[in-house]
Amino acid sequence: LGRTGYAFAGWNTEADGSGTSYMPGDIFSMGAGNVTLYAKWLDNIAPAVTVLMAKEDESPYTNDTWTNQTVTVSVYATDDGSGLASLEYSEDEGASWQPVAGALTYSEEGMHPLTFKAIDEEGNEGLETRMVKISRNGLVVTFTASTQSGDPYVSGNWTNQTVTADVYASHQQG
């Protein structure tokens, strides 16, 4: 006996589960009359969590990339089994949770870790993580090059020596 996405949980004498329940392996004594037993199924598939992210110019924001724009994050969850019980988010990697009550907006500079958790009526959990990175002032990139002899190399000059390039990036203070 099987049903995809569900675990068999026993039998019941009523379709709505309000009758007498029998667990798998229980002995059932059959009387003289007909008895109808209804299979009880428990959902064992986690809810599906969908996360959509957009920059303030309404273009898609790619997870874990830097932008200089405000990012709006929308999350949705569905559960075709037992039904959705809750949808929550964490901004501290799961130390605390808040209910999702609409889109989340991030405009402060820095890295913003997000974890979304959907729980269905059977207790199955669906998780999705995202990282929003915002830098309003940008990065300063410094490039230096030197020849094999240690002399500075000037871009555009021909040389027959090996050139070593060093690239440094730092956050621009605004």
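In the block above lies the structure referred to throughout.
Residues numbered from 1 in each chain as written. Predicted model: local features only at pLDDT ≥ 70, side-chain atom pairs only at ≥ 80, totals over all residues. Heavy atoms only, no water.

1. Considerations on the sheet that holds strand β2 (residues 21–22)
Adjacent strands of a sheet pair through backbone hydrogen bonds, lying either parallel or antiparallel. Selection criterion: Paired strands are those between which DSSP finds at least two bridges. Secondary structure elements follow DSSP: runs of H or I of four or more residues count as helices, runs of E of two or more count as strands, with numbering from the N terminus.
Read from one edge to the other, the open sheet built from three strands follows the order β2-β1-β3, with strand pairing classed as antiparallel. Since the sheet does not close on itself, it has two edges, and those belong to β2 and β3 (38–43), each with one partner. Note that strand β1 (residues 6–12) and β3 share six bridges and pair antiparallel. Bridged to alanine 7 within β3 is leucine 42.

2. A closer look at the pairing of strand β7 (residues 84–90)
One ladder, built from six bridges, connects β7 with strand β10 (residues 110–120); its direction is antiparallel. Note on β10: the bridge partner recorded for glutamate 88 is lysine 117. Judged from the two bridges that link them, β7 and strand β8 (residues 98–99) form a sheet pairing that is antiparallel. Each bridged residue has a counterpart across the sheet, and for tyrosine 89 the counterpart in β8 is glutamine 98.

3. Focus on a nonpolar patch on the surface
Let me state the cut-off plainly: Grouping into patches uses exposed residues only, defined as over 30% relative accessible area, and leaves out salt-bridged ones; the cut-off is 9 Å for like charges and 5 Å for nonpolar side chains (Val, Leu, Ile, Met, Phe, Trp, Tyr). Here the accessible surface of atoms and residues is derived via Shrake-Rupley with a 1.4 Å probe, and residues count as covered only by protein chains that are part of the display. Within this document, salt bridges are pairs made up of a side-chain nitrogen of Lys or Arg and a carboxyl oxygen of Asp or Glu, the two lying within 4 Å of each other.
Judged by side-chain polarity, Val141, Phe143 and Val167 come together as a nonpolar surface patch covering roughly 330 Å² of accessible area. Relative to the elements of secondary structure, phenylalanine 143 occurs in strand β12 (residues 139–147).

4. Regarding the sheet that holds strand β5 (residues 66–67)
Taken in spatial order, the five strands of this open sheet run β5-β11-β10-β7-β8, and their pairing is mixed. Of all the strands in the sheet, just β5 and β8 have a single pairing partner and so form its edges.

5. Considerations on the pattern of salt bridges
What counts, and what does not: Think of it in three bands: with a 1.4 Å probe and only protein chains considered, a residue is buried below 20% of the maximum accessible area for its type, exposed above 50%, and partly exposed in between.
Per the stated rule, a full pass over the model turns up four salt bridges. Among the ionic pairs, arginine 136 bridges to glutamate 56, the shortest N-O distance being 3.7 Å. With arginine 136 in the loop between β11 (125–134) and β12 and glutamate 56 in the loop between β4 (48–55) and β5, the pair connects residues that are 80 residues apart, well separated along the chain. The salt bridge partner of aspartate 64 is lysine 133, with a shortest N-O separation of 3.0 Å. Of this pair, aspartate 64 sits in the loop between β4 and β5 while lysine 133 sits in strand β11, and the two are 69 residues apart along the sequence. Residue classification places aspartate 64 among the partly exposed residues on the basis of a relative accessible area of 40%. On the accessibility criterion, lysine 133 (14% relative accessible area) is buried.

6. As for the packing of aromatic side chains
Heads up, the rule is: Side-chain rings of Phe, Tyr and Trp (the six-membered ring for Trp) are treated as a pair once their centres are within 6.5 Å; stacked means planes under 30 degrees apart, edge-to-face means over 60, and tilted covers the remaining angles. Any Lys NZ or Arg CZ found within 6 Å of a ring centre and within 35 degrees of that ring's normal is scored as a charge over the ring.
Applying the stated criterion across every chain, the model contains three aromatic pairs. Seen in terms of ring centroids, tyrosine 22 and phenylalanine 28 are 5.0 Å apart; in terms of plane orientation they differ by 80 degrees. Their pairing is edge-to-face. What makes phenylalanine 28 partly exposed here is its relative accessible area of 29%. Three or more aromatic residues link up through ring pairs in this structure, and these residues are Phe8, Trp11 and Trp41. Taking the ring centre of tryptophan 97 as reference, the NZ or CZ of lysine 117 above it sits at 4.2 Å.

7. Thoughts on the nonpolar core
Put simply, the test is: The term nonpolar core refers to a set of buried residues drawn from Ala, Val, Leu, Ile, Met, Phe, Trp, Tyr and Cys, joined through side-chain atoms within 4.5 Å. Contact criterion: two residues are considered in contact whenever any of their non-hydrogen atoms come within 4.5 Å of each other.
By size, the foremost hydrophobic cluster in this structure holds 17 residues, and its most contacted members are Val51, Met53, Val71, Val73, Tyr106, Phe116 and Val132. At the level of secondary structure, the elements contributing two or more residues to this core comprise β4, β6 (71–78), β7, β9 (104–106), β10 and β11. Ranked by residues supplied to this core, first place goes to β6 with four residues. Look past the residues within four positions of valine 71 in its chain and what remains in contact with it is Met53, Ala54, Tyr61, Leu104, Thr105, Tyr106, Val132 and Ile134.

8. Quick word on the environment of glutamate 91
Relative to the assigned elements, glutamate 91 resides in the loop between β7 and β8. Glutamate 91 sits in the partly exposed class, given a relative accessible area of 40%. Sequence separation between glutamate 91 and glutamate 121 is 30 residues, and the spatial gap between their C-alpha atoms is 24 Å. With sequence-adjacent residues up to four places away left out, glutamate 91 is seen in contact with Tyr106, Pro113 and Leu114.

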